[in-house]
Amino acid sequence: MISQAVLTCFALALFAPFIHQLMRSHSGWVLAIFPASLFVHFLGYVPGVAAGETYREAMPWVETWGVYLSFYVDGLSLVFALLITGIGALIIFYTGGYLAGHPHQGRFYGFMLAFMGSMLGLVLADNLIALFVFWELTSVTSFLLIGFDHQRERARRAAIQALFVTAGGGLAMLAGFVMLGAATGTMEMSEILAGGSLSAHRLYMPILLLVLAGAFTKSAQVPFHFWLPNAMEAPTPVSAYLHSATMVKAGVYLLARMSPALGGTDLWATILPIFGGATLIYGTLLGLRQTDLKLMLAYTTVASLGLLVMLLGLGSEYALLAAALYLIAHSFFKGALFLVAGCVDHQTGTRETVRLGGLMRAMPITAFAALLAGLSMMGIPFFFGFLAKEVIYEATAYADNMWLLTTVAVVGNGLMFTIAALVAWGPFFGRRMETPKAPREGSLYLWLGPLALAVLGLAFGAYPHIPQDLFVTPVASAIAGYEVHHATFPTIPKMGLPLILSGVTVAFGLFIFLIAGWVRAFLNAAGQRMWGPDRGSDQFLAALDFLSRTLVGLLQTGRLRLYITVTLVVLAITLGVPIIAYGLFPSEISVPQAPFHVYGVLLLTVVGALALMFARSRLQAILSMGVTGISVALLFLLFGAPDLAYTQFMVETLSVVIIALVLLRLPVDTYDSRHILPSLRDAAIAGAVGVFFTVLLIAVTARPMDLTLTDYFAAHAYVSAHGRNIVNVILVDFRALDTLGEIVVVMVAGLAALALIKIRRGKLVPPGNGASPDDERGAS
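Residues numbered from 1 in each chain as written. Predicted model: local features only at pLDDT ≥ 70, side-chain atom pairs only at ≥ 80, totals over all residues. Heavy atoms only, no water.

Undergrad: Break down the overall build of the chain for me, with residues and values.
TA: Each helix and strand in the chain was counted, giving 32 helices and two strands. In terms of its C-alpha atoms, the chain occupies a principal-axis envelope of roughly 105 × 70 × 55 Å. The proportion of buried residues among the 780 residues of the chain is 47%. The contacts in the chain between residues at least 6 apart in sequence include a share of 78% that link residues at least 24 apart. By element, 70% of the accessible surface of the chain is carried by carbon and sulfur atoms, the whole surface being about 37,500 Å². (Helix = DSSP H or I, 4+ residues; strand = E, 2+ residues; numbered from the N terminus. Buried < 20%, exposed > 50% of the residue type's maximum accessible area, 1.4 Å probe, protein only. Contact = heavy atoms within 4.5 Å. Areas by Shrake-Rupley, 256 points an atom, 1.4 Å probe, with all protein chains shown as cover.)

Structure representation (C-alpha cells):
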C-alpha cells in the first residue's frame, strides 16, 4: 500500500490537466481530495509507529544489481509523509483560487502532484538507489515549478540555478551511496542503520563528505543557499510547498536518516554545527535586508534549515527532540506565512512591505492567520514554536561550546523574531497605505490553508502532549537509533535558563524591530560591496559557457578530415603510451605458414593502401580504397568467415558506388592540391594506429584464451535463440538492442543526408535557366 500511495501520485499527475479541463473552477478542491485521502491513510500508521513499530514493503526493480523499490515507515518518514500530504492537500486547494483563470493551471496541478509523488518516494524509500532516483525527480519537478512562468527571464534563471545546484549535489550523494553500499554490503537503509556506526570504516570520511554535499545543496546551507531565495520567482503555492515544508527539508531528512550510521563522530559534530550556525546567522541577516514578503520568508527558511542542521550536529537527545519539534513547527508557521504573502500579493497587487499597511480591516481572516503564524515563529508562549525554542535552548545550554552555540541560537532566533513581526504585523496594522489594487478578503480557497496551519501551531502548543507522544518522540527516536524519553512538555512555561533565553530573544528581536529601517539600510550598504555565491554562480555558468563555445569553435570546425585526424591521433596515443611505457612489444614474431595466394591478397591490400595515400585525384582515391576493402573481404573469406566477407563486400561495393555517384557532381579530373608533407603526416598517423593495433593483438593472442564467453554462447545460441550461427545470434538476440541502436543511427544519418540533398537541390539553378554547366558544377 505504501508503494501504491507513492506511484498513484504520478498517475494522477498525468490526468490532472484533463481533470482541470473537466472541472474548471472546482478542480482545486477535487484534486485536493487525493492528497487529503493519502494524509488520512498515513494517519493510520500513527498509533503503531508511536508504539515503536516500523513497516516495510519491497518489490524487485533491478534485481540483478540488488536494487529494490523498497519503502520504510518509521517515526521520521511518517511525519514527513504527513507533512507532504497534509500541507500538499491545502496547497492544491489554495492553487484553485490563486491561479484561477491561468491558461496553464492544469499543467501546474500536474507538476505539483508529480513533485508530491517524488517527495513521498524520497522520504519513504528504503533502497539507496531508489532514494536517489526520487531525490533527482524532486530536482526535476522543482525545476518545472520554479520555471512555470517561463516567459520571464528571472524565472528561467532561477529554475536553471536550482536544478544545477541540487542535481549536482545529488550526483555527489550518489557517489557516496555507492561507497556506502560497498562498505556495508547492502543498499537497504534499514539494514545499514541496523549495523550501527561506520565511523571506524576506512571509507567513512569520503562517504560523509559526499552525503553532506547532497544534503547541503538540497537544504540550502551556506555557501549553497543562494538558489532558494531566487526560487521565489515561482508562484506562491510552490514557495509555500517546496521551499518551506517539503523539498528544502530533504537534506535535513537525509542527515537525520543517516545519523545512526554517520553521526556521533568529531567530524560530524564539527561540520554540521559550523555550517548550520553560519547559515542561521547569514540567512537572518540577509532576510533583514529584504522588503519583499516572500524573500524575507525565504531567507528565514534558509536560517531555519541551518538551525536544524546545527541541532542534528549536536546529536544529544535534547537536540534531536528540538530538531523534531522545530521541524513540525516550522512547517506550520512558515507554510502559513508563505500562503499569507501570496494572498496579500493576490489581493493588493504587491508584496513589498514598504507599500503595505493597515490591511486588517480589509482582510481580517488573512490578518488573523498571519498573526497566529507570526506569533508561533516569534516563539511566544502557548504556541508550538515556543516549545521548539525552549527545547532548542535546553540543547545548546548543556552542549559543548555552550556559550557559542547558545549565542548563535539566541541571535538567530531574535532576528527571526524581527522578520516575523515585519511580515505578520507590518502589512496588517498601522497606517493604511495605497496599494495597486483595492484590498479585499480573498476567497475560501485563499484563506483556508494559512488559517488551518496557523491554528494547528496554536493547538499543538496548547496541548503539547499529543504531538509529543504521536510525532516528536518517534521522530527523535528514529534519528537517534534508539528510544528517546523526555518528560512531557509543559503548556505553561517553567522558570529556568531556557525561559530566560527566550526572554532575551524576544527583547533582542523587539529592539531590532524598532530600528529595522536603520539595520536594513546598513546591511544593504554593506551588501552592495560584497561578492556573493549568487554572483559567483552566474560567473561560473558564464565561464562554463565560454569554455564550451571555445572548445566547440576549436573542435567542431565542420571539416571531416580534421575530425578523423584528431580521432586517430587520440587512438594512437591511447594505444601507444601503455605499449611503450610497459614494453609490450613482442620479442619475436613468428610468420605463420599460409598458401601463396594469401600473401598475394595481403600484398594487394598494402598496395591499395599505398595507392590511396598517394592518389592525386579523387577517382584514384576511390578505386584504391575499393581495392583495399575488397582485399580485406577476401581475407575474411579465406579464413572461414563468409558472413563477414559478405558484409564487407556489400559495404565496399555500396561505398564505392555511392561515392562515385556523389562525385558525378564534382570535378573528378582535377588533381589533389595537397603537398607531400600532409600526405606523409597522414601516413604516419595511420601507420602508428596500425602498428599499435597489431602489437596489441599479438600481445592479446599470446595469452591463454579465456573461452568462458565462447562456451556460454555455444551452449545457449540454439537453446535460447534457436540459431546455430553464433555470430548472428549474438547480433540479433543477445545484443539485439545494440544492433537496433546501430540501425537507428544509420537510418537517422541516411534521413539527414537525404534532407541535406533535397535542400541542396532546392538551391541549385535548374539547367536551361541561363546557368552554364560550369556554374552548376561549381555550385555543387
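Next comes the rest of the account.
Undergrad: Requested: an account of the nonpolar core, with residues and values cited.
TA: Judged by nonpolar contacts, the single largest core of 193 residues is most densely connected at Leu124, Trp227 and Leu262. The biggest single contributor to this core is helix 15 (residues 317–348), with 21 residues. What Leu124 contacts, discounting residues up to four positions off in sequence, is Ile2, Val6, Phe42, Ser70, Phe71, Tyr72, Val73, Ser77 and Ala81. (Core = buried A, V, L, I, M, F, W, Y, C linked by side-chain atoms within 4.5 Å.)

Undergrad: Which residues make up the packing of helix 4 (residues 75–98) against helix 12 (residues 250–262), and what values do they have?
TA: Two numbers describe a pair of packed helices, the interaxial angle and the distance between the axes. Remark: helix 4 packs on helix 12, axes separated minimally by 10 Å, with the N-to-C direction vectors making an angle of 165°. As far as their axial angle goes, helix 12 and helix 4 are roughly antiparallel. Along this stretch, helix 4 crosses helix 12, giving a crossing that reads as left-handed. Of the residues in helix 12, those in contact with Leu76, Ser77 and Phe80 of helix 4 are Tyr253, Ala256 and Arg257. (Axes fitted to C-alpha atoms, helices over the stretch in contact; angles between N-to-C directions. Parallel < 35°, antiparallel > 145°, perpendicular 65-115°, else oblique. Left-handed = near helix turned anticlockwise from the far one by under 90°.)

Undergrad: Pulling in residues and values, what's your account of helix 20 (residues 465–480)?
TA: The α-helix winds at 3.6 residues per turn, so residues separated by three or four positions along the chain end up facing the same way. Most pronounced at Val472, the bend in helix 20 amounts to some 35°, and the proline Pro474 follows within four residues. Counting buried positions along helix 20 yields 12 of 16 residues, so the element is predominantly enclosed. (Bend = angle between axes of the 7 residues up to and from the residue.)

Undergrad: Which residues make up the pairing of strand 2 (residues 67–73), and what values do they have?
TA: Across the seven residues of strand 2, six count as buried, placing the element largely inside the fold. Turn length for the strand 1 (residues 55–62)-strand 2 hairpin, with the two strands adjacent in sequence and antiparallel, is four residues, and the turn residue Gly66 shows positive phi of about 75°. (Pairing = 2+ DSSP bridges.)

Undergrad: Just give me the short version of the pattern of salt bridges, but keep the residues and values in it.
TA: For the coordinates displayed, the defined rule picks out 13 salt bridges. Here Arg351 ties to Asp292 by a salt bridge, and the two come within 2.9 Å at their closest N and O atoms. Of this pair, Arg351 sits in the loop between helix 15 and helix 16 (364–378) while Asp292 is found in the loop between helix 13 (266–289) and helix 14 (293–314), placing the two residues 59 residues apart along the sequence. Three or more residues are tied together by salt bridges with common partners; here these are Asp149, Arg152, Arg154 and Glu233. (Salt bridge = Lys/Arg side-chain N within 4 Å of Asp/Glu carboxyl O.)

Undergrad: Could you give me a rundown of the environment of Ala388, with the residues and numbers involved?
TA: One can find Ala388 in helix 17 (residues 384–397). In sequence terms Ala388 and Leu325 are 63 residues apart; their C-alpha atoms lie 5.1 Å from each other. Residues in contact with Ala388, not counting those within four places in the same chain, are Leu325, Tyr326 and Ala329.

Undergrad: Tell me about the environment of Leu43, and name the residues and values.
TA: Its location among the elements puts Leu43 in helix 2 (residues 27–43). When its relative accessible area of 35% is taken as the criterion, Leu43 is described as partly exposed. Note: C-alpha distance between Leu43 and Leu514 (471 residues apart in sequence) is 43 Å.

Undergrad: Quick rundown of the packing of aromatic side chains? Include the residues and the values.
TA: This model, assessed by the stated rule, comprises 19 aromatic pairs. Ring centres of Tyr326 and Phe333 lie 6.2 Å apart, and the angle between their planes is 65°; this geometry places the pair in the edge-to-face category. The buried category is assigned to Phe333, whose relative accessible area is 3%. Relative to Phe460, the ring of Phe384 has its centre 5.4 Å away and its plane inclined at 90°; by these criteria the two rings are edge-to-face. Taken together, the residues span a long stretch of sequence, with Phe384 in helix 17 and Phe460 in helix 19 (residues 444–462) at a distance of 76 residues. Judged by relative accessible area, which is 1%, Phe384 ranks as buried. (Phe/Tyr/Trp six-rings, centres within 6.5 Å; stacked < 30°, edge-to-face > 60°.)

Undergrad: Which residues make up unusual backbone geometry, and what are the values?
TA: Residues Val222 and Pro223 are joined by a peptide bond in cis, for which omega reads 10°. With respect to the helices, strands and loops of the structure, Pro223 is situated in the loop between helix 9 (204–218) and helix 10 (227–230). For Arg24, which is not glycine, the phi dihedral falls at a positive 55°. Looking at where Arg24 falls in the secondary structure, it is placed in the loop between helix 1 (2–23) and helix 2. Given a relative accessible area of 48%, Arg24 falls into the partly exposed group. A positive phi angle, close to 55°, is found at Ala220, a residue other than glycine.

Undergrad: Could you give me a rundown of the confidence of the model for the chain, with the residues and numbers involved?
TA: Mean pLDDT for the chain: 89, with 96% of residues reaching 70 or above. Low pLDDT (under 50) marks residues 764–780, which in the prediction has 13 contacts with non-local residues, meaning those over four places away or in another chain. (pLDDT = per-residue confidence, 0-100.)

Undergrad: Tell me what's going on with a nonpolar patch on the surface, and back it up with residues and numbers.
TA: Taken together, the side chains of Phe164, Phe540, Leu544, Leu547, Leu551, Leu554 and Leu555 present a nonpolar region at the surface, about 670 Å² in accessible area. By residue number, the principal contributor to the nonpolar patch is helix 23 (residues 533–555), which donates six residues. Tracing the chain through its elements places Leu551 in helix 23. (Patch = residues over 30% accessible without salt bridge, like charges linked within 9 Å, V, L, I, M, F, W, Y side chains within 5 Å.)

Undergrad: Could you give me a rundown of the pairing of strand 1, with the residues and numbers involved?
TA: By the bridge criterion, seven bridges tie strand 1 to strand 2 in an arrangement that is antiparallel. Across the sheet, the residue bridging to Ala58 is Ser70, located in strand 2.

Undergrad: Quick one: what's the story with the side chain of Glu652, residue by residue and with numbers?
TA: Mapped onto the elements of the fold, Glu652 is located in helix 27 (residues 642–663). Take Glu652: its relative accessible area is 13%, and that puts it in the buried class.

Undergrad: Provide a residue-level description of the packing of helix 26 (residues 618–638) against helix 27, including the pertinent values.
TA: Where helix 26 meets helix 27, the axes come as close as 8 Å, and the angle between the chain directions of the two elements is 170°. It follows from the interaxial angle that helix 26 and helix 27 lie roughly antiparallel. Where helix 26 approaches helix 27, its residues Arg618, Ile622, Met625, Gly626, Gly629, Ile630, Val632, Ala633, Leu634, Phe636 and Leu637 are matched on the opposing element by Pro642, Leu644, Ala645, Gln648, Phe649, Glu652, Val656, Ile659, Ala660 and Leu663. A class-by-class count of the residues in the contact of helix 26 with helix 27 yields 16 nonpolar, three polar and two charged. (Nonpolar A, V, L, I, M, F, W, Y, C, P; charged D, E, K, R; others polar.)

Undergrad: Help me get a handle on the side chain of Thr628, residues and values and all.
TA: Position of Thr628 among the secondary structure elements: in helix 26. What Thr628 contacts, discounting residues up to four positions off in sequence, is Thr605, Gly608 and Ala609.

Undergrad: I'd like to hear about the environment of Thr8, residue by residue, with values.
TA: Tracing the chain through its elements places Thr8 in helix 1. The spatial distance from the C-alpha of Thr8 to the C-alpha of Leu113 is 9.5 Å, given a sequence separation of 105 residues. In terms of polar contacts, Thr8 uses its side chain to reach the backbone carbonyl oxygen of Gln4, at 2.4 Å. (Polar contact = N/O pair within 3.5 Å; in protein donor to acceptor, adjacent residues only side chain to side chain.)

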